[in-house]
Amino acid sequence: MFSFAFDKLLDAILSANAIDLVAGLAAIWALRMAYIANRKTLKTTRLRGPPSPSILFGADKSILESPDSVAVYEAWYKEYGAVYEIPMVLGQRRTILCDPKALAHFFSRDSSSYGLTPATKVALAKSVGKGVLWADGEIHRRQRKSLAPAFNSASIRKLTPVFYDASHKLKTAWEAIIDADGSGSAIIEIQNWMNHTSLDSIGLAGFAYDFASLDGKKGPVSSALEAFGASKPSSIRIRLLLLMRRFPVLFNLPTYGNGLLNELHKVTADISKTLFERAKREKEGHLDGKEDSSVTGLLIKTEDAETNTYLTGEEVIAQMMTLLVAGYETTAITMTWALLELARHPEIQKKLREEILAFDGEPTYDQFFKGFPYFDAVVHEIFRLHPAVPEMIRVAKEDDIIPLSQPVHTKSGEVVHDLFVPRGAFVGIPIIFINRSDTLWGADAKDFRPERWLETNGITKQAQELQGYRHLLTFGDGPKTCLGKLFAIIEVKTVLWVVVKNFVLEMKDGPDTQVANGQGILPRPSIVGEAGTEIPLRVKRYDG
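First things first, this report covers the structure right here in the doc. All of these numbers come straight from a predicted model, not from anything done at the bench.

## What to know about a nonpolar patch on the surface
- A contiguous nonpolar surface patch, about 340 Å² in accessible area, is contributed by L56, L90, F247 and V249.
- Along the chain, F247 falls in the loop between α11 (235–246) and α12 (256–285).
- On the basis of relative accessibility, which here comes to 36%, the residue F247 falls in the partly exposed class.

Shown next, in the form of C-alpha cells:
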C-alpha cells in the first residue's frame, strides 16, 4: 500500500511546477517517515510486561521509589520471563534483558549499535565533561584506547603503594579515635571515612595530589563530592528526574539536583585544570627526576604523542574529572558495603581475618590475585551483591536482532527465538537483579555467602552463562566494560586487608539491624533509623 502510494506521488510531481514539486517532495518525505514507522511497528517484537501504574511516569517511578528494586524486577521476571517490556514516561517502552545470550549480544555491541540515552549524555556532560563515560562509537574507541595504558596491570601495580598509604592513614585515624574513647572501642561512622579514603586514593593515584581528606582537610572538591553522594531525591525530585529522562532540556532548570551537578562540574573542572597544568610543568621541567606514574602523568604522555589515539588537553581534563567523580563514588560505596557486610556476618569476618593473619606482611599487587582464596571470594561476593551502578539504560542506534537462549511469548501469544529492536528503542539491563537472580544464582542468591566461589558447584550453570568479570555484570562487559576495574579491585582489597587485620567490626545495635539501599545519585547503603546515609559501626582493635 505504501509503495503504491509512493509511486503515484512520484508520477504526479514529475511534470509539476516548482511549488507543487516542493509540496510533493514534502509529501514523499512524510509518507516515507510513516512507512518506516509502520514497518518498524510491524517488525518490532511486542513483548509482554507489566501494565503502567502511572499514565505520566510509567513503571520507572515504581523502580525508583521502591525500597527493594530487586523484588520489583524479580516479580516481573517470574511473570513475564527473562525478556519483557516495561512502560516508561509518557508512553515510551523499554525492553528489559535478563537472558544470558541476549546480554552477551547486547554487550558485544555496546557503544556501536547501542548508545547512551540523550538524558544520560546531558547529565554526564554537565557533571564530568565529555570523557570516556560520555563518549560513544568512534570517539569512545579513540578515548578508551588512549586511556588503556593508564589502567592496565603494569600501571595499577605501580599504584598499589598509594592504596596502602591511604589504608594506613585510615588505620592511624581509627586507632586515635578508639584510644580517645578509653573504652577499648568506639562508634565510628564508616561511610564518611570510606569517602575520605577513596578521595585521597584517587587524588594520589590519579593526579599525584594529596587532598588530605583523611587528615581532616575540607576543600571544595570533598564538599561537592560528599553533597553529590549524599543527595537523596524526594518524591517530587524523582518525578522531575523521570521527566528529565524524556526531556533532557529540563537539566537546565535551576533545581537543587541540577545545582549539585553544576557545582560538581565547576569544582572538579577547576581542580582538574590546575592539576593538569601543574603536571605538564613538572613534566617539562623534569622535577625531582622522578617518573610520574599517576593516571594524569600517563595521560599527558598520550596527549603529547602523535598517534591515532591522541587526546586533546580538553579531553585529558574530562578524563580527570571522570576519574575523580566516578572513581570516588563507586569505590567509596563498595568499600562501605564491604565493611558493613563483614560487621553483619562476624563468622565470615573471623574466617577472613584468619586467612589474612596467616600471611606474613602485606601482599603485593600480584599476590593479591593468588594465594588468598577466601579473601578473593569475599571480594567477589561484595561486587556481586552490591554493584555501584544498579542498572543500565541504552538506546538502539540502529535496527538490531537480539538472539535468545530460551524462546519467549510475545504479547499476541507468538513464540519467538529472537527480538527485533528498532532504531530509537530503549533497552534496559537490571544489573543488581541479574547479579542476585534466584534463577541464575540459586536459592541463596540474596545471601552474602563467599563460599559459593570456592565450592565445586557453587556457581550454577545458569550463572556461568553470564559473561563479564567472574560472571558478574558489576563492571559491565564488551567495548564499554569498566576501564577502572583493576583500579577498583585493588583499592578495595588493600583497604579490606588493613582494616580486617587490625580491627573488629560490629553492628552498633546488633547483627539484626535493618540495612537498606539509600536512594541517592547512586544507591548507598543506609541503616534503618539512622540519619541520612550514616553507617555507625562499633570498631575495636584486634588484639589477637
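That covers the picture; the talk isn't over yet.
## Regarding the sheet that holds strand β1 (residues 83–87)
- What the five strands build is an open sheet, ordered β1-β2-β8-β5-β3; its pairing is mixed. Every interior strand has two partners, whereas the edge strands, β1 and β3 (114–116), have only one. Put simply, the sheet's adjacent strands are angled 40 degrees from each other on average, direction ignored.
- Across three bridges, β3 lies against strand β5 (residues 392–396) in antiparallel orientation. If you follow G115 over to β5, its bridge partner there is V395.

## A short note on unusual backbone geometry
- If you check the backbone angles, S111 has positive phi at about 90 degrees while not being a glycine.
- With respect to the secondary-structure elements, S111 resides in the loop between α5 (100–108) and β3.
- With a phi close to 65 degrees, H471 is a non-glycine residue in the positive phi region.
- The topology assignment puts H471 in the loop between α20 (461–464) and α21 (485–502).

## What to know about the packing of helix α14 (residues 313–344) against α21
- With their axes 10 Å apart at the nearest point, α14 and α21 run at an angle of 35 degrees to one another. The two elements α14 and α21 cross, and the hand of that crossing is right-handed. Taking contact as the criterion, the partners of T331, T334, M335, A338, L339 and L342 in α14 are, on α21, A488, E491, V492, V495, L496, V499 and V500.
- For the contact of α14 with α21, the residue count by class is ten nonpolar, two polar and one charged.

## With respect to the nonpolar core
- One finds L97, W174 and I429 to be the most contacted residues of the largest nonpolar core, which totals 146 residues.
- For W174, the contacting residues outside a window of four places in its chain are I188, I190, W193, M194, L339, V499, F503, L505 and V539.
- In this structure, F57, L64, V89 and I238 belong to the second largest nonpolar core, which totals five residues.

Rules used in this analysis
- Residues numbered from 1 in each chain as written.
- Predicted model: local features only at pLDDT ≥ 70, side-chain atom pairs only at ≥ 80, totals over all residues.
- Heavy atoms only, no water.
- Patch = residues over 30% accessible without salt bridge, like charges linked within 9 Å, V, L, I, M, F, W, Y side chains within 5 Å.
- Areas by Shrake-Rupley, 256 points an atom, 1.4 Å probe, with all protein chains shown as cover.
- Salt bridge = Lys/Arg side-chain N within 4 Å of Asp/Glu carboxyl O.
- Helix = DSSP H or I, 4+ residues; strand = E, 2+ residues; numbered from the N terminus.
- Buried < 20%, exposed > 50% of the residue type's maximum accessible area, 1.4 Å probe, protein only.
- Pairing = 2+ DSSP bridges.
- Axes fitted to C-alpha atoms, helices over the stretch in contact; angles between N-to-C directions.
- Left-handed = near helix turned anticlockwise from the far one by under 90°.
- Contact = heavy atoms within 4.5 Å.
- Nonpolar A, V, L, I, M, F, W, Y, C, P; charged D, E, K, R; others polar.
- Core = buried A, V, L, I, M, F, W, Y, C linked by side-chain atoms within 4.5 Å.

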